[in-house]
Each structure stands twice: as C-alpha cells, then as structure tokens.
Amino acid sequence: MERRPEPELMLDPEQARAYAEADFAEPHEHFVDLFAERFPDMAGGAVLDLGCGPGDVSLRLAARYPACVVHGIDGAQAMLAAGAAWCRAHPAGSRVQLRMGRLPDAQAPGAPYETIVSNSLLHHLHDPRVLWDVILRDGAPGARVFVMDLCRPESAQRVSELVARHAATAPEVLRRDFENSLYAAFTPGEVRAQLGDAGLEAFQVEQVSDRHLVAWGRL
Ligand SMILES: C[S@@+](CC[C@H](N)C(=O)[O-])C[C@H]1O[C@@H](n2cnc3c(N)ncnc32)[C@H](O)[C@@H]1O
C-alpha cells in the first residue's frame, strides 16, 4: 500500500486537545520499557525528545530516570500548551523543558546530547531524512538513539482493523488522526533504507507490536 503523507504539525487546537486528553499510558510506558531494555547503561544526563507533543513520553522518561533532564522540541504550540500544564503538575516536571521549534531549523538547547529519543514524529515528516539528519547533528559520538513510530499496514482493510481494535471508543478526531497516521507511516523496510541513506545502517529496526516499530542504535 502506498504511503499517504499527513500534515506535519498538529496545529488544530481540537486535534491537539483530543491527543493530549487521550490515554497513551500503554504505548508510552512500552516506549520507556523498550528503551530501558536496549540501553541498560542509561543513568542520567540530558535527553532530547524530538516531536515531543504534550510531553507525555518526556515526563515518563524523566520519572524513570531521576538523574536525567529532558528537553522536548515540537513545532505545534497547541500541543506544547497542554504539556506545560502537565509539567507543572508532575513530580518529575521540573526536569522537563518543552520548547517550540520546527525541525530541522530548531536548535536544541543542550546539543550535543548523549541520548536522543522520538515517538511518533517520523510518520509526520514529509521528508524522513529530517529526523535522521537532526539526530546526526545533535547527538554526541556514541549517543543512544531510540525512535518509535507506527508502521504502515499492508492494506486498507488492515488499517480499518487496527483503528477498530485500538481507537473504537476514541473521539472522532482522534480516530481520524490514527487512521491518517497509519497511512502516513513507513514500513520497517523503508526505515532501514532511510537509515542506510543516512549512514546509520548499524541501527536495528524491529516491529514491536501490531502497529509499532522501533529503530535504535548508537551514533
Ligand atoms: C503524533 S505527535 C507525537 C507527540 C509525542 N512524541 C508523543 O509521543 O505523544 C507528533 C508531533 O510531532 C510534531 N511535529 C511534526 N513535524 C514536526 C517538525 N517538523 N518539527 C517539530 N515538530 C514536528 C507535531 O506537531 C506533533 O506534536
């Protein structure tokens, strides 16, 4: 099935509100667990979270690693606004800074980073090279890199099945977003090709659920 890109930034306030209010506890805790399994040496330091949205993954990482600070970057003010409130209320929130910036132009405040993560940004990018170039630019030598994203199903019928399984009771705007995102996502083979083009062929790509893949390695 052909890729069908979606808009990069999540600028619509209704879309941002629905996303921020959705319960992503299961996939986002899974993100942190998978990261921890792959990088058992992780202790602290500054982490860069690319396309952080409202910062749920940033906060979960900060909570898991009390010696780390997390810098999130996102180009959508509506998504960051929800995150600012969460950070004020969260016990680990004082170690999370979310800032506005569109990639690739946005500059991360603490580069070079020893850890760079990203969840569900890749499928939004019209040119996926943006993600890998920013990682290469802002990562320190040997940096841990962990990217999780949706993978594009093989057929429209499979898209419908996944939307029914994971978003049946979600608000309409969220269901539509999830469907659009599945069409916009890359296959594991496409991500491997992107990594090869970026000189990151040593990274591993694994499908880790019925809808998610991870790409990870060290710079
Ligand atoms: C599906 S959300 C994921 C948010 C967050 N990582 C999470 O897991 O909840 C994708 C985010 O990427 C942001 N985004 C997309 N393209 C971007 C770009 N070029 N620069 C910065 N942020 C971008 C969108 O605004 C949106 O907030």
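Looking at an unreviewed UniProt entry, one finds the protein named Methyltransferase type 12 and attributed to Thioalkalivibrio paradoxus ARh 1.

1. Description of the site of the ligand
Taken together, 21 residues lie around the ligand, and Tyr19, Gly51, Asp74, Leu103 and Asn119 are the ones closest in. With respect to the ligand, the backbone of glycine 51 contributes an N or O atom lying 2.7 Å from a nitrogen atom. Within the complex, the protein chains bury 99% of what would otherwise be the 600 Å² of accessible surface of the ligand. Taken together, the residues of the shell around the ligand break down into ten nonpolar, eight polar and three charged.

2. Here's the deal with the pairing of strand 2 (residues 67-74)
The element strand 2 is largely enclosed, with a buried count of six among its eight residues. Pairing of strand 1 (residues 44-50) with strand 2, which is carried by seven bridges, proceeds in the parallel orientation. In the strand pairing of strand 2, valine 47 is matched with valine 70. Crossover handedness for the path strand 1 to helix 3 (residues 56-64) to strand 2: right-handed. Where strand 2 lies against strand 3 (residues 96-100), five bridges are found, and the strand directions are parallel. Within strand 3, the position partnered with histidine 71 by the bridge is glutamine 97.

3. Section: unusual backbone geometry
For the bond running from leucine 103 to proline 104, omega is 15°, close enough to zero to count as cis. As for its placement among the helices and strands, proline 104 is situated in the loop between strand 3 and strand 4 (113-119). Note that the residue after alanine 111, namely proline 112, is joined by a cis bond; omega there is 5°. The backbone of serine 120 shows a phi angle near 65°, a positive value even though the residue is not glycine. Structurally, serine 120 can be placed in the loop between strand 4 and helix 5 (129-138). For serine 120, a relative accessible area of 17% gives the class buried.

4. Here we look at the packing of aromatic side chains
Inspection of the entire model under this criterion finds six aromatic pairs. With 5.3 Å between their ring centres and 40° between their planes, phenylalanine 35 and phenylalanine 39 make a pair best called tilted. The exposure classification of phenylalanine 35 matches that of phenylalanine 39, with both residues buried. The positively charged end of arginine 4 is found above the aromatic ring belonging to tyrosine 183, 4.0 Å away from the centroid.

5. As for the packing of helix 6 (residues 156-167) against helix 7 (residues 172-184)
Where helix 6 contacts helix 7, the axes come no closer than 10 Å and their chain directions differ by 140°. Between helix 6 and helix 7, the angle is such that the two are oblique. Handedness of the crossing formed by helix 6 with helix 7: right-handed. Within the contact between the two elements, helix 6 uses Ala156, Val159, Leu162, Val163, His166 and Ala167 and helix 7 uses Arg175, Phe178, Glu179, Leu182 and Tyr183. A per-class count over the contact of helix 6 with helix 7 returns eight nonpolar, one polar and two charged.

Cut-offs used in this document
- Residues numbered from 1 in each chain as written.
- Predicted model: local features only at pLDDT ≥ 70, side-chain atom pairs only at ≥ 80, totals over all residues.
- Heavy atoms only, no water.
- Near = heavy atom within 4 Å.
- Polar contact = N/O pair within 3.5 Å; in protein donor to acceptor, adjacent residues only side chain to side chain.
- Areas by Shrake-Rupley, 256 points an atom, 1.4 Å probe, with all protein chains shown as cover.
- Nonpolar A, V, L, I, M, F, W, Y, C, P; charged D, E, K, R; others polar.
- Buried < 20%, exposed > 50% of the residue type's maximum accessible area, 1.4 Å probe, protein only.
- Helix = DSSP H or I, 4+ residues; strand = E, 2+ residues; numbered from the N terminus.
- Pairing = 2+ DSSP bridges.
- Right-handed = clockwise from strand over helix to strand, strands pointing away.
- Phe/Tyr/Trp six-rings, centres within 6.5 Å; stacked < 30°, edge-to-face > 60°.
- Lys NZ or Arg CZ within 6 Å of the ring centre and 35° of its normal.
- Axes fitted to C-alpha atoms, helices over the stretch in contact; angles between N-to-C directions.
- Parallel < 35°, antiparallel > 145°, perpendicular 65-115°, else oblique.
- Left-handed = near helix turned anticlockwise from the far one by under 90°.
- Contact = heavy atoms within 4.5 Å.

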